[in-house]
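Single-letter residue listing:
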Amino acid sequence: MLTPEFVNSFREAAPYVNAFRGKTFVIAVSGETVRDGHFASLAQDINLLASFGLRLVVVHGIRPQIEGLLKQHGLTRRFHRERRVTDPPTMNIVKQAVGLARYEIEALLSMGTPNAVIHGNQLRIAGGNMLTAQPLGVLDGTDMQFTGLVRRIDVQAITARLEAGDLVLLSPIGYSPTGEAFNMTMEEVATHTAIALKAEKLIFLVDGRGVISLEDKLISTLTAQQAEELLASVPLKQDVAAYLPYAIRATREGVPRAHLVSSKEDGALLMELFTNFGNGTMVARDPLVKLRTASIDDIAAILGLIRPLEEQGILIKRSRELLEMEVGNYSVLEHDKRIYGCVAMHAYPDSDSAELACLAVSPERRDAGFGEMLLKHVEYQARTRRLKSLFVLTTRTAHWFVERGFVEASPEALPEGRRRQVNPERGSKVFIKTL
Ligand code: ARG
């Protein structure tokens with residue numbers, strides 16, 4: 001059944017489709033995701049992303065594949081400081097594990113589905129010697145042998161493949177100039193690659209939904225700083241704890257957004273990328289919510305916010321012309337470039353009190369604290385202009401203002417210029433907040 005929600009979702013998604021075209025995304029997929037069969041539905045969504053003209057790099061892990069093969073061959077695993085010690089027999093296993101994971105991924109990405117493969121264009125996958133490694137060396141007396149670190153990413157080679165429209169699939173193996181292969185970690189490779197390619201996003205697919213707070217709630221957005229504090233104070237799931245430091249590092253080194261998204265929930269990646277609030281955790285370099293002075297280009301959005309409230313009689317009617325004239329008095333609240341709220345402050349000559357008016361927040365975001373932010377913003381503006389108080393005229397939302405420090409006052413308290421304009425039939429009450 002077709003519903004109006006479809007239209008809303010489509011309108012929400014479309015700007016992202018446009019914004020992401022031609023941008024580079026690095027997607028990190030753990031070996032567990034591949035082993036447990038969760039890559040199949042992801043592969044379809046990745047095909048879809050490719051069809052939108054995104055440049056995609058997929059980096060895969062191989063930990064469980066290595067573990068399985070070690071067991072089969074009766075070899076013992078050895079770790080030091082949470083890194084595997086890769087001796088020559090283990091390195092042989094590592095190479096086989098890469099084969100297992102890589103061919104599985106290539107097969108699933110090649111699977112034709114009517115939705116994903118657009119006009120019969122098969123997604124091409126590129127790989128090769130794009131990573132140079134260096135040995136990790138001896139760590140407090142333990143020779144890590146073929147365990148390696150990223151030394152260099154061949155940006156030119158990867159970019160050439162991306163420009164040709166290929167998806168680049170990277171395994172956590174790098175080669176040294178001496179012709180040896182080294183075993184690296186998926187998260188290190190993914191992060192270095194995202195930074196080196198100046199990617200738009202680094203995405204880690206995780207077992208759960210993302211970062212979960214002590215109150216058992218999903219944390220949707222974090223700054224690098226907040227993520228760091230969280231790492232130090234909240235016990236996190238193993239994979240989240242492992243990836244979050246890399247997400248932080250990527251955003252500190254120029255990647256605008258790093259995401260943790262469920263690998264198991266069908267469509268989670270699409271929900272994260274094509275909705276405003278996503279459904280995983282995002283570590284963002286730049287603040288998402290912005291308050292700024294409105295411009296003439298915002299009039300349509302402001303009208304969209306206030307018309308429904310005018311129809312309910314909560315706000316008084318304002319014409320487009322009036323808005324255009326007074327637009328400099330308005331501020332808008334943007335979340336990820338979309339306008340969710342507005343407010344106006346009208347000052348009166350010869351008065352040290354200003355009016356707060358036309359406060360509106362879009363219904364779908366009523367609980368996000370946007371109303372408070374707009375109020376605080378106006379209070380701040382009023383203080384910087386050395387005003388002594390703010391007043392509102394309201395018929396229906398008195399309680400909201402009273403809860404935030406406004407007290408009822410007589411209309412006599414209004415500045416002269418405002419008193420003359422009051423429409424007595426509306427029966428508005430006056431509330432004042434001293435700053
Ligand atoms: N779809 C947008 C993006 O991919 C916003 C995602 C927001 N996600 C979040 N977990 N807060 O950039």
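What counts, and at which threshold
- Residues numbered from 1 in each chain as written.
- Predicted model: local features only at pLDDT ≥ 70, side-chain atom pairs only at ≥ 80, totals over all residues.
- Heavy atoms only, no water.
- Axes fitted to C-alpha atoms, helices over the stretch in contact; angles between N-to-C directions.
- Helix = DSSP H or I, 4+ residues; strand = E, 2+ residues; numbered from the N terminus.
- Parallel < 35°, antiparallel > 145°, perpendicular 65-115°, else oblique.
- Left-handed = near helix turned anticlockwise from the far one by under 90°.
- Contact = heavy atoms within 4.5 Å.
- Nonpolar A, V, L, I, M, F, W, Y, C, P; charged D, E, K, R; others polar.
- Pairing = 2+ DSSP bridges.
- 1 Å grid on protein atoms, 1.4 Å probe; cavity = no way out; pocket = protein on both sides within 12 Å on 5 of 7 lines; lining within 4 Å.
- Points joined across faces, edges and corners; volume = space filled by probe spheres on them.
- Salt bridge = Lys/Arg side-chain N within 4 Å of Asp/Glu carboxyl O.
- Buried < 20%, exposed > 50% of the residue type's maximum accessible area, 1.4 Å probe, protein only.
- Patch = residues over 30% accessible without salt bridge, like charges linked within 9 Å, V, L, I, M, F, W, Y side chains within 5 Å.
- Areas by Shrake-Rupley, 256 points an atom, 1.4 Å probe, with all protein chains shown as cover.

S.K.: Whenever I open this one, the packing of helix α4 (residues 63–72) against helix α5 (residues 88–110) confuses me. Can you help?
M.R.: Where α4 meets α5, the closest approach of the two axes is 8 Å, and the angle between their N-to-C directions is 125°. Taken together, the axes of α4 and α5 lie oblique to each other. Crossing of α4 against α5: the hand is right-handed. Residues Gln 65, Ile 66, Leu 69 and Leu 70 of α4 form the contact with α5, whose own contacting residues are Thr 90, Ile 93, Val 94, Gln 96, Ala 97, Leu 100 and Ala 101. Grouping the amino acids of the contact of α4 with α5 by side-chain chemistry returns eight nonpolar, three polar and no charged.

S.K.: For this particular structure, what's the right way to read the sheet that holds strand β2 (residues 55–60)?
M.R.: Consider a sheet: its strands pair through backbone hydrogen bonds, and that pairing is either parallel or antiparallel. Pairing within the open sheet is mixed, and its eight strands lie in the order β5-β10-β2-β1-β13-β15-β16-β14. Among the strands making up the open sheet, the edge pair consists of β5 (125–126) and β14 (221–222). Relative to β2, helix α3 (residues 39–51) is tilted by about 155°, and along the sheet it contacts β1 (24–29), β2, β10 (167–170) and β13 (201–206).

S.K.: What should I look at first to understand the layout of surface pockets in this one?
M.R.: Once rolled over the atoms, a probe with the size of a water molecule shows which space is left empty. Considered as a void within the structure, the largest pocket measures approximately 1,200 Å³ in volume. Lining the largest pocket are 46 residues, and of these Leu 309, Leu 315, Cys 358, Leu 359 and Ala 360 sit closest to its centre. No other element matches the seven residues that strand β20 (residues 353–361) contributes to the lining of the largest pocket. Residue composition of the lining of the largest pocket, grouped by class: 25 nonpolar, twelve polar and nine charged. Considering only enclosed or pocket space, the second largest pocket measures out at about 970 Å³ in volume.

S.K.: How should I be thinking about the pattern of salt bridges in this particular structure?
M.R.: Between side chains of opposite charge, a pair can form as their charged atoms come close. The final tally for this structure, using the stated rule, is 23 salt bridges. Residue Glu 310 pairs with Arg 307 through a salt bridge whose shortest N-O separation is 2.6 Å. Taken together, the positions of Glu 310 and Arg 307, both in helix α11 (residues 299–311) and three residues apart, correspond to about one turn of that helix. When the shortest N-O distance is used, the salt bridge between Lys 433 and Glu 379 registers 2.8 Å. Within this pair, whereas Lys 433 is found in strand β23 (residues 429–434), its partner Glu 379 is found in helix α13 (residues 370–384), the two being separated by 54 residues in sequence. Residue Glu 379 is classed as buried on the basis of its relative accessible area of 7%. One continuous salt-bridge network, built from bridges that share partners, spans Glu 67, Arg 77 and Arg 84.

S.K.: What am I meant to see in a nonpolar patch on the surface here?
M.R.: A surface patch of nonpolar side chains, about 450 Å² in accessible area, is lined by Leu 2, Phe 6, Val 7 and Phe 10. By the secondary structure assignment, Val 7 is in helix α1 (residues 4–20).

Everything listed here is a matter of geometry and, on its own, says nothing about what the molecule does.
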